[in-house]
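# Residue-level structural notes
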Amino acid sequence: MNPLSLLFKKQYAVEEKVQRLLRFLEDMAHLYQAAFESYFEGSFEEFSQRNHELGEIEKQLDELGHQIQMTLLHESLMPNSRDDLLWFLTKLDKVPSSLKHSLGDILFEKPEIPDELHSSMKNMLVHTHLAVQALAHATDSLFSDLRSVRQHVEEVSRQESEVDNIEYKLLQMVFENKNYELAKQYQLKGILKQIGRVTNLAEDVADTVLILATKHSK
Amino acid sequence: MNDPAIIIFLIGGLFLGWSLGANDAANVFGTAVGSRMVRFTTAAIICGIFVILGAVISGTGTSLTLGKLGAVDALGGSFMAALAAGLTVYWMTKFGLPVSTSQAIIGSIIGWNLFSDSYTDISSLLKILSTWLVCPLLSALIAAILFTLAKSIVRKVSIGLIRLDGYTRLALILAGAFGAYSLGANNIANVMGVFVPVAPFKDIQIGSIFSISSIQQLFLLGGLAIAVGVFTYSKRVMMTVGSELITLTPLAAWVAVMAHSIVLFLFASERLEQFLANLSLPTIPLVPVSSSQAVVGAVIGIGVVQGGRELQWHRIYSIVKGWVITPIISLLVCIVGLYFLQNVFQQTVKRESQYQISSGVIEQFRKAGINTDELDALSGSVFFSSAEVVRAVEEIVPLSSQQGLKVIEYSLRNSLGINAEKLSLIDENFLSQQQLEVLKKLEGEKYNFSWQLGNALSQKSKEWNLQGGGLKNKLKDREIKSKLAYLYRLFKE
């Protein structure tokens, strides 16, 4: 047994919980993309199933996040690091929430998404998935290798730019198409904005990760 | 320790120890505790234990330097010197002025020297004064180097935030333990150094392995007083220091404590001194230095590395002010206190000593390298203070500071009688078999000066020979000197 693991039992325990939390986040990003694909294929039942699974993981992620916060509050981490981590976890929590809300809107509204948008939207979802994955890697690096945080954060930014570009083009397509009613145009805009919001939040959290990594490397 | 008055007299030193613990523990754990990186209880326990260990194991070196500056030879004098230093520290802290126990006790000792007309060894004084300047500068340099190294290591090593937090906390605790050890080793001389010449305890020997000398017992008591100061009063000071230096990152805090501890250790370690001497490298004088100034120096060093924007000039000014004000106040308080203790409370603040110059003494002077060509004129003269005998010799022949100390050592009268009763009191484990046998051969002899017994023993056995040769044999010679000092006390008539 690694003697350090005995000496730093509390730290290792927090690290292990954070790892689990990040795996949940990655699973959610995967399910999010898969759920949309099912929807595009017209399988609403499969979409509902994916949405349910995502909700279940989000519950576990919430519970785990709460456990980590309690550990940080009660165990003896240094106040400086503890406050930073609590602040970070609160921000990180917004990403899974945004995934859940995005699917929630589809579930209630059951919008009709025109076929000509599917390809670009699928591409947008691939980049969204990659952005969340890069965020998970950046966060993982914050807890394992501060030096490599920057490269993952840059990857999040890159994916966010891709999503932004696709979102802009999709919005143009939606509002330039005179066959769509105004209500439909605004409904589609809402859905696209919700997907775009996921990567915006991911970029925001990634920036926080970079700030913390820089601060604690000083 | 038969006289209960001794306890009262020791209170002066214990008070000084308490105030040192209350104030200076903050230099070791202030940043960590004040910014809640380490719990106060954890810090206090570690600090208490390591201060005592440092004092008992490594406290001798700095005490001997203080002893050279002025050997306070009566308990009343030691009490007042320690009390004056303690009061100075207390008052200056109360008025928010920069404070250093090291500087206070130096002022007190010089005050006692002036009051008792005792010789002040100028070379020791200059050595001490120079370290006051060197200590913060060295601390700043070490901190700058350490900070640069530590920063580059943290950047290169693959480590995460939580583990970095754990490592930093452990590093702070270890640095604190080292700091507390160094504080005990370096600053115990401030607390108990003035009591060393009049140490009221007997050496304790348990079997042939474990022994604790009277000086170590004294230091243990002083260490306990410092530990009590840490537990009872240092929390408030730690919180203040912690919030004052809150801009320090955990890494910078660790560097500050390490640099402070290294400096205190460098100025206290006899082993290091011996090691450097063996390599023919210049040695570092063993002198009590100011813990507060070491830590401020370290913070300044870190500030310089970070671009110098955070340089705290008012703190540098405080250091310089402390060099001047603290010893002067302590000196004055000590002189006034000694006057009252001697004339109002009728206490002995200085032992009545006679310094006699005889042909044998002059011969000893010659062996010590003093030009004795015209000293015969002083033969038969008796003096009643160390300063007086040095002045008399200096009127005839110029003396170096070291020679001044030799004049005092050889001319001090000390009637010794070697008798069976006292020989039976000697702890056989303290002396080697050969040393004891040689000593027993001197039964019935009487001497007027301590060095006469030393010479007699040295002539009969190499085991009593001082090696000389400077620092290289310092530790071996110190052991023989401590045995001789024990014999001089034992056979005194």
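Residues numbered from 1 in each chain as written. Chains lettered and ligands numbered in written order. Predicted model: local features only at pLDDT ≥ 70, side-chain atom pairs only at ≥ 80, totals over all residues.

Helix and strand counts for chain B stand at 19 helices and 6 strands. Expected size for 493 residues packed as a compact globule is a radius of gyration near 23 Å; at 24 Å, chain B falls within 12% of this value. Overall, chain B is about 75 × 45 × 45 Å in size when its C-alpha atoms are taken along their principal axes. Put simply, chain B has 493 residues, and 49% of those count as buried. Contacts spanning at least 24 positions in sequence make up 82% of the contacts within chain B whose residues lie at least 6 apart. (Helix = DSSP H or I, 4+ residues; strand = E, 2+ residues; numbered from the N terminus. Rg over C-alpha atoms; globule rule 2.2 N^0.38 Å. Buried ≥ 20, exposed ≤ 12 C-beta atoms within 10 Å, placed from the backbone. Contact = placed C-beta atoms within 7 Å.)

Our focus in this paragraph is the overall build of chain A. Looking only at helices and strands, one finds 8 helices and 0 strands in chain A. Starting at the N terminus and walking to the C terminus, you meet the elements of chain A as α-α-α-α-α-α-α-α. By principal-axis analysis of the C-alpha atoms, chain A measures approximately 65 × 35 × 25 Å. Each of the 218 residues in chain A was classed as buried or not, and the buried ones make up 39%. Counted over contacts in chain A with a minimum sequence separation of 6, partners at least 24 positions apart contribute 80%.

Confidence in the prediction of chain A, expressed as mean pLDDT, is 91, and 96% of residues score 70 or more. Confidence scores differ between elements of chain A, with helix α1 (residues 3-7) of chain A showing the lowest mean pLDDT of 71 and helix α7 (residues 149-176) of chain A the highest of 95. (pLDDT = per-residue confidence, 0-100.)

Attention now goes to the nonpolar core. Membership of the largest hydrophobic core comes to 118 residues, with the highest contact counts inside it found for B:C47, B:A143, B:V255, B:A256 and B:V263. Look past the residues within four positions of B:V255 in its chain and what remains in contact with it is B:A143, B:L146, B:F147, B:A150, B:A298 and B:I302. Counting 59 residues, the second largest nonpolar core, distinct from the first, contains A:L22, A:L72, A:L142 and A:V149. (Core = buried A, V, L, I, M, F, W, Y, C linked by C-beta atoms within 7 Å.)

The subject of this paragraph is the interface of chain A and chain B. You'll often see interface size given as the accessible area lost when the parts meet. The partner chain B presents 18 residues to the 19 residues of chain A that form the contact. Broken down by secondary-structure element, the contributors of at least two residues to the side of chain A that touches chain B are α2 (9-40), α4 (79-92), α6 (115-144) and α8 (182-217) of chain A. Here the residues of the side of chain A that touches chain B are counted per class, giving 9 nonpolar, 6 polar and 4 charged. (Nonpolar A, V, L, I, M, F, W, Y, C, P; charged D, E, K, R; others polar.)

Turning next to the domain arrangement of chain B. Residue and element names in this part refer to chain B. Structurally, chain B comprises domain 1 (4-343) and domain 2 (355-490). Computed from C-alpha coordinates alone, the two centres of domain 1 and domain 2 are separated by 33 Å. Looking at the side of domain 1 that touches domain 2, the elements with two or more residues in it are α6 (122-156) and α10 (270-278). No other element matches α10, which puts 5 residues into the side of domain 1 that touches domain 2. For the side of domain 1 that touches domain 2, the residue count by class is 3 nonpolar, 8 polar and 6 charged. (Domains from an automatic or database assignment.)

Residues and elements named next belong to chain B. Inspection of the secondary structure puts A268 in the loop between α9 (250-266) and α10. A268 sits in the buried class, given 30 other C-beta atoms within 10 Å. Along the backbone, A268 and E374 are 106 residues apart, and their C-alpha atoms lie at a distance of 41 Å. Other than its neighbours up to four places away in sequence, A268 contacts S58, G61, T62, S182, A185, N186 and L286.

Turning our attention to helix α5 (residues 94-109) of chain A. Residue and element names in this part refer to chain A. The end-to-end C-alpha distance of α5 is 22 Å, a good match for the 22 Å that 16 residues give at a rise of 1.5 Å each. Turning to α5, its buried residues number three or more, namely V95, P96, S98, L99, S102 and L103. What you see down the axis of α5 is that its buried residues fit within an arc of 165 degrees, all on one side. Opposite the buried face of α5, by more than 90 degrees, sit the exposed residues H101, F108 and E109. Each element contacted by the buried residues of α5 is listed here: α2, α3 (44-74), α4, α6 and α8. (Expected span 1.5 Å × (residues − 1). Arc of directions from axis to C-beta.)

Let us now look at α7(A). All names here are of chain A. Compared with an ideal rise of 1.5 Å per residue, which puts 28 residues at 40 Å, α7 spans 41 Å between its outermost C-alpha atoms and is within 8% of the ideal. V149, H152, V153, V156, Q159, E160, V163, I166, E167, L170 and V174 are the residues of α7 that are buried. Packing partners of the buried residues in α7 comprise α6 and α8.

Positive phi is not limited to glycine here, since A:K110 has a value of about 40 degrees. Structurally, the position occupied by A:K110 is in the loop between α5 and α6. On the neighbour-count criterion, A:K110 (10 C-beta atoms within 10 Å) is exposed. The phi dihedral of B:Q346 falls on the positive side, at around 55 degrees, and the residue is not glycine.

All names here are of chain A. Examined against the element boundaries, G190 turns out to sit in helix α8. Note on G190: 13 C-beta atoms within 10 Å, which makes it partly exposed. Along the primary structure G190 and D105 are separated by 85 residues, whereas in three dimensions their C-alpha atoms are 9.0 Å apart.

This paragraph deals with the packing of α4(A) against α8(A). Residue and element names in this part refer to chain A. In contact at an axis separation of 9 Å, α4 and α8 are set at 165 degrees when each is read in the N-to-C sense. For the element pair α4 / α8, the angle class is roughly antiparallel. In this structure, the crossing between α4 and α8 has a hand that is left-handed. Mapping the contact onto sequence places D84, F88, K91 and L92 in α4 and D204, V205, T208 and L212 in α8. Class assignment of the residues belonging to the contact of α4 with α8 gives a composition of 4 nonpolar, 1 polar and 3 charged. (Axes fitted to C-alpha atoms, helices over the stretch in contact; angles between N-to-C directions. Parallel < 35°, antiparallel > 145°, perpendicular 65-115°, else oblique. Left-handed = near helix turned anticlockwise from the far one by under 90°.)

With that settled, the discussion passes to the environment of B:G61. Along the polypeptide, B:G61 turns up in helix α3 (residues 60-69). Here the alpha-carbon distance between B:G61 and B:L487, two residues 426 residues apart in the chain, equals 21 Å.

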